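# A structural walkthrough
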Amino acid sequence: MSNFENFRKQAKLHLRWHRERHYPVAAAIGSILPRFRHLTDRQILDHSFKLADAQELVAKKAGFESWQALKKGLQTMTDSTTSDAEKPFLALAEPQLFVCDIAAARAFYEQKLGFTTRFTYGEPPFYAQVFRDGTRLDLRHVDKPLFDNGLRARENLLSATIAVDAIKPLFLEYQAAGASFHQTLRTEPWSARTFIVADPDGNLIAFATSVESG
């Protein structure tokens, strides 16, 4: 199967997911297509979404401005040059955090860290996603902690690391919001500036940037 045929199948799959009202595809649409960014996930799923929209979504995820640009890029490939569209493209990471109380975890990330809930699943909810800018964190309910929080704290076992452009203002924002710090802002031996927040379940979230940009 040709690479372009793979992209065509991806577009049709995204279109079907939208019609079947899968909330993860709404999250992708809202984050990648600017005209949908002001809408909630529910509004995105209620909104008209055609094959051309799905093709644009797939093209942008692959690093192209449009579906036509993707087609042109594939057509101009040579045997000696591999286009970016042929290579695996890691577009997004979504760390999964294990929490005992979805509502309490959401409240922490919203009120202390400035995230917004993108969706929740289940009644009562057992899964949720929170986001801020380009960062997404998936919250998964568990009945009891899966890790020894004492060991995790002693060994600095991180659940996620988030890259930040301007770290000091963010640290001051979280400090003012009363976030619980496992480690306050500092410069590391490898010339990065970092701080670490501990959520109510003991998940350690590191925020990091270079000295130059922080």
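Below is a summary of the structure that appears in this document. Just so it is clear, the model here is predicted, and its values are computed rather than measured. (Residues numbered from 1 in each chain as written. Predicted model: local features only at pLDDT ≥ 70, side-chain atom pairs only at ≥ 80, totals over all residues. Heavy atoms only, no water.)

A few words now on the pairing of strand β7 (residues 192–198). Judged by how many residues are buried, β7 sits mostly within the fold: seven of seven residues are covered. Side chains of β7 alternate between two faces, with A192, T194, I196 and A198 and R193, F195 and V197 buried alike. By the bridge criterion, four bridges tie strand β6 (residues 181–187) to β7 in an arrangement that is antiparallel. Bridge pairing in β7 places Q183 opposite I196. The hairpin formed by β6 and β7 contains four residues between the paired strands, and S191 there has a positive phi angle of roughly 70 degrees. (Buried < 20%, exposed > 50% of the residue type's maximum accessible area, 1.4 Å probe, protein only. Helix = DSSP H or I, 4+ residues; strand = E, 2+ residues; numbered from the N terminus. Pairing = 2+ DSSP bridges.)

Where helix α1 (residues 3–19) contacts helix α5 (residues 67–75), the axes come no closer than 10 Å and their chain directions differ by 160 degrees. With respect to each other, α1 and α5 are oriented roughly antiparallel. In terms of crossing hand, the pair formed by α1 and α5 is right-handed. Of α5, the residues touching α1 (which contributes N3, F4, F7 and R8) are W67, L70, K71 and L74. Here the contact of α1 with α5 is composed, by residue class, of five nonpolar, one polar and two charged. (Axes fitted to C-alpha atoms, helices over the stretch in contact; angles between N-to-C directions. Parallel < 35°, antiparallel > 145°, perpendicular 65-115°, else oblique. Left-handed = near helix turned anticlockwise from the far one by under 90°. Contact = heavy atoms within 4.5 Å. Nonpolar A, V, L, I, M, F, W, Y, C, P; charged D, E, K, R; others polar.)

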